[in-house]
Amino acid sequence: MIKITFVQPDGTAKSVDATEGLSLMEVAMRNNIQGIVAECGGQCSCATCHVHIDDTFFERVGPAVDDEEDMLDFAEERVATSRLGCQVSIEQELDGMTVRIPSQQG
């Protein structure tokens, strides 16, 4: 099983099992991760599943492109490693990844 750790703005961390092929947003929703709102249900039409990918995994995940890049313009607390969770597909190579949740969602 693939382990993903979600870190809240206050530093509280929760590690969960993630299934390959799901999106990071789906993993968060299935595990009741606070701070991931996912208003559009994964359609890349909002910024309410915004996360900060850990630097050591960002190259594997890759930067946002096209519509996702446009949606991130509405995200609060955007950083260089920002991604929308709905656009990050879980793969075995992401095992052990840590993502931080901003204090506000766009």
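Residues numbered from 1 in each chain as written. Predicted model: local features only at pLDDT ≥ 70, side-chain atom pairs only at ≥ 80, totals over all residues. Heavy atoms only, no water.

K.L.:
I'd like a rundown of the packing of aromatic side chains, residues and numbers included.
P.N.:
Applying the stated criterion to the full structure yields zero aromatic pairs. Over the ring of F57 we find R60, and its NZ or CZ is 4.5 Å from the ring centre. (Phe/Tyr/Trp six-rings, centres within 6.5 Å; stacked < 30°, edge-to-face > 60°. Lys NZ or Arg CZ within 6 Å of the ring centre and 35° of its normal.)

K.L.:
Please give an account of the environment of A18 that cites residues and values.
P.N.:
Turning to its location among the elements, A18 is positioned in strand β2 (residues 13–18). Here the alpha-carbon distance between A18 and L94, two residues 76 residues apart in the chain, equals 9.7 Å. Excluding its chain neighbours within four sequence positions, the residues that come into contact with A18 are M1, I2, I4, V27 and I90. (Helix = DSSP H or I, 4+ residues; strand = E, 2+ residues; numbered from the N terminus. Contact = heavy atoms within 4.5 Å.)

K.L.:
Tell me about the sheet that holds strand β3 (residues 50–53), and name the residues and values.
P.N.:
Strand order across the open sheet formed by five strands is β2-β1-β5-β3-β4, with mixed pairing between neighbours. With one partner strand each, in any of the chains shown, β2 and β4 (82–84) form the two edges of the open sheet. On average, each strand axis in the sheet is tilted by 35° relative to the strand beside it, whichever way the strands run. (Pairing = 2+ DSSP bridges. Axes fitted to C-alpha atoms, helices over the stretch in contact; angles between N-to-C directions.)

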